[in-house]
Amino acid sequence: MPKTRQIEILVGAFMAAGFLALFFLAMQVSNLGTVHTGDSYKVLARFDNIGGLKVKSPVTMAGVEVGRVLDIYYDAEDFRAVAVLGIYSQYDRIPDDTFAKILTAGLLGEQYIGLDPGGSEDLLKEGSEIAVTQSALVLEEVIGQFIYGKAQEGAN
Amino acid sequence: MEWLARLGRSGLSFSARLGRANLLMLGMLRGLPQLIRRPRLLLEQLLSVGVLTVLIIAVSGVFVGMVLGLQGYYILSRFGAEATLGVMVAASLVRELGPVVTALLFAGRAGSALSAEIGLMKATEQLSGLEMMAVNPEHRVLTPRLVAGILSMPLLAAMFSMLGVYGGWFVGVGLLGVDEGTYWAQMQSQIDWYEDVVNGVIKSVVFGVVCTWIAIFQGYDCVPTSEGVSRATTRTVVHSSLAVLGLDFVLTALMFN
């Protein structure tokens with residue numbers, strides 16, 4: 001049987017290695033290292049069709065992540081979908097006539113919201129609403145339009 | 001008539017064993033305050049249950065990760081999706097293979113040793129000896145082993161997963177030419193801390209409780225002969241493995257639905 005001191009060192013090394021592995025899983029493997037924990041302010045955006053957008057989908061500006069989708073619900077009043085965007089507070093200089101569109105990463109990848117800045121002097125703030133939006137591209141509709149166009153051509 | 005009696009007998013003995021196992025658990029939990037006052041007992045058990053199991057866990061972790069890398073690359077490259085190799089390796093390790101394979105290895109390496117040790121203590125009447133000296137053997141001998149098992153399992157599972165991720169990285173990035181940045185970036189964007197990692201840790205804690213409990217109970221409840229000890233050891237490994245695999249299905253259904 002090894003001496004107490006040796007046992008202590010071995011057990012200490014074992015515990016340290018275990019916690020190090022957990023830390024590694026947290027920071028290197030999972031998204032904990034990249035998750036944004038700071039404050040954010042809420043902005044509403046209404047879409048005719050949100051397609052495959054989900055809660056937690058990224059909101060980007062010029063390709064850089066500036067926020068996340070916090071909530072999605074259906075507004076029965078005007079028959080549109082409302083996405084609540086949480087924009088990180090360090091990005092507080094976004095014009096209020098910014099254009100929001102739902103884009104797809106890759107051909108079949110996940111959907112995200114891309115913001116195109118407008119030219120207004122006024123800025124987006126907590127609770128404001130993005131007026132101009134573009135819905136998600138639904139593949140069936142695009143194909144449907146294409147086939148319809150082809151059929152028209154054939155008729156002429 | 002005879003078969004009915006036999007069925008009743010086996011049902012009664014099963015219930016009795018279940019009851020004894022629960023009473024034993026209760027007795028071990030009662031020993032917790034005493035263990036806090038004497039942490040040295042825990043230290044020795046952490047050495048035999050935890051530290052000495054690290055080697056087999058580490059080696060299997062690396063190899064399981066490497067196999068995942070090879071197999072995953074083979075399948076994913078058919079669909080042109082090699083970029084998601086990191087996600088596949090990490091998700092399968094963190095969610096399933098890490099906790100489950102660690103628990104199976106733990107049952108084979110540490111659980112069987114626990115059973116044999118406690119069974120021999122019973123066969124050589126060391127436990128009765130302790131009782132004669134007014135020392136509660138459940139508190140003195142069993143509680144530290146239980147706590148050591150429960151503490152070790154999540155740490156061992158985390159090591160397994162970490163080394164597996166590096167094993168997959170070695171094969172995927174090092175040998176098969178998946179892009180290094182893609183491997184890690186895809187993994188980080190797809191693996192969720194709470195959803196995947198924390199649920200895996202919860203799983204391994206549950207497996208730690210079950211495996212150690214079964215091992216200690218089988219040792220403590222064995223027939224105190226050499227044959228009885230050998231049977232208890234076998235039963236520990238078989239019952240632990242079955243319990244882990246069955247519970248894994250239940251836990252997965254509860255957590256990831």
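Residues numbered from 1 in each chain as written. Chains lettered and ligands numbered in written order. Predicted model: local features only at pLDDT ≥ 70, side-chain atom pairs only at ≥ 80, totals over all residues. Heavy atoms only, no water.

A. Up close: the overall build of chain B. Looking only at helices and strands, chain B has 10 helices and zero strands in total. Mapped in sequence order, the helices and strands of chain B form the string α-α-α-α-α-α-α-α-α-α. With respect to the three principal axes, the spread of C-alpha positions in chain B is 65 × 55 × 30 Å. Restricting the contact set of chain B to residue pairs at least 6 apart, pairs at least 24 apart contribute 83%. As displayed, chain B offers around 12,300 Å² of accessible surface, 69% of which is attributable to carbon and sulfur atoms. Positive and negative charge centroids in chain B, built from 17 and 16 side chains respectively, lie 11 Å apart. (Helix = DSSP H or I, 4+ residues; strand = E, 2+ residues; numbered from the N terminus. Contact = heavy atoms within 4.5 Å. Areas by Shrake-Rupley, 256 points an atom, 1.4 Å probe, with all protein chains shown as cover. Lys, Arg positive; Asp, Glu negative; His and termini not counted. Charge placed at Lys NZ, Arg CZ, Asp CG, Glu CD.)

B. Here's a closer look at the sheet that holds strand β7 (residues 129–130) of chain A. Residues and elements named next belong to chain A. Strand order in the open sheet formed by eight strands is β7-β1-β4-β3-β2-β6-β5-β8, and the pairing between neighbours is mixed. Looking at which strands have only one partner, the edges of the open sheet turn out to be β7 and β8 (132–134). As judged from the two bridges shared by strand β1 (residues 40–47) and β7, these two strands associate in the parallel manner. Within β7, the position partnered with Leu44 by the bridge is Glu129. (Pairing = 2+ DSSP bridges.)

C. Structural detail: the nonpolar core. Ranked by internal contacts, the top residues of the largest apolar core, which has 69 residues, are Val29 of chain A together with Val165, Tyr183, Met187 and Ile216 of chain B. Take this core: its biggest share by element is 15 residues, from helix α5 (residues 85–123) of chain B. For Tyr183 of chain B, the contacting residues outside a window of four places in its chain are Leu85, Gly86, Val89, Val165, Gly168, Trp169 and Val173 of chain B. Counting 22 residues, the second largest nonpolar core, distinct from the first, contains Val43, Ala45, Ile50 and Ile94 of chain A. (Core = buried A, V, L, I, M, F, W, Y, C linked by side-chain atoms within 4.5 Å. Buried < 20%, exposed > 50% of the residue type's maximum accessible area, 1.4 Å probe, protein only.)

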